[in-house]
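Read off the chains here:
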Amino acid sequence: MTMAAPATYQAVLQPSGRSFSASANRTLLAAAAEAGIVLASSCRNGTCRTCLRALHAGSVHYAIPWPGLLPEERSAGNVVLPCVAYPCSDVVLGD
Ligand code: FES
């Protein structure tokens, strides 16, 4: 049986317009780093919020049950923690 390759999405940072490919099986932080784009980070486990940025468009999911987002942020879906967020679609993030 052949395993399908994970989906790959496009991530764009606004307003700079910088972009990178974001595989569904890589965090947005890791995908950005692989493209040579350094996003602010510290803990890299979803708790410190150093990497917090706007999610202008698209959707993400988290592999851990409750990353360091406030309940209202989580339900609004307009911010993201790239260190623990996996893309489910093309995404537009705050720079
Ligand atoms: S680097 Fe700490 S929450 Fe993302």
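The sections below set out a description of the structure shown in this document. Keep in mind it's a predicted model, so treat the numbers as computed, not measured.

On a regular strand, each side chain points to the face opposite its neighbour's, so the side chains alternate between the two faces of the sheet. Sheet analysis places strand β1 (residues 8-14) next to strand β2 (residues 19-23), joined by five bridges and oriented antiparallel. In the sheet register, Y9 faces β2, and the bridge partner there is A22. With antiparallel pairing between neighbouring strands as the criterion, β1 and β2 make up a hairpin whose turn holds four residues, including G17 at a positive phi of roughly 85 degrees. As paired strands, β1 and strand β7 (residues 91-94) are joined by four bridges and run parallel to one another. For V12, the partnering residue across the bridge sits in β7 and is V92.

This brings us to the environment of S41. Position of S41 among the secondary structure elements: in the loop between α1 (28-34) and β3 (53-57). When its relative accessible area of 23% is taken as the criterion, S41 is described as partly exposed. The spacing of S41 and L81 is 40 residues in sequence and 9.4 Å in space, taken between C-alpha atoms. Leave out the neighbours within four places in its chain, and S41 touches L29, T50 and C51. At 3.2 Å, the side chain of S41 forms a polar contact with the side chain of R44.

Attention shifts here to unusual backbone geometry. Here the residue pair Q14 and P15 is connected by a cis peptide bond, since its omega of 15 degrees sits within 30 degrees of zero. As for its position among the elements, P15 is in the loop between β1 and β2. Positive phi outside glycine occurs at R49, with the angle close to 75 degrees. With respect to the secondary-structure elements, R49 resides in the loop between α1 and β3. Overall, R49 belongs to the partly exposed group, its relative accessible area being 30%.

Procedures and definitions
Residues numbered from 1 in each chain as written. Predicted model: local features only at pLDDT ≥ 70, side-chain atom pairs only at ≥ 80, totals over all residues. Heavy atoms only, no water. Pairing = 2+ DSSP bridges. Helix = DSSP H or I, 4+ residues; strand = E, 2+ residues; numbered from the N terminus. Buried < 20%, exposed > 50% of the residue type's maximum accessible area, 1.4 Å probe, protein only. Contact = heavy atoms within 4.5 Å. Polar contact = N/O pair within 3.5 Å; in protein donor to acceptor, adjacent residues only side chain to side chain.

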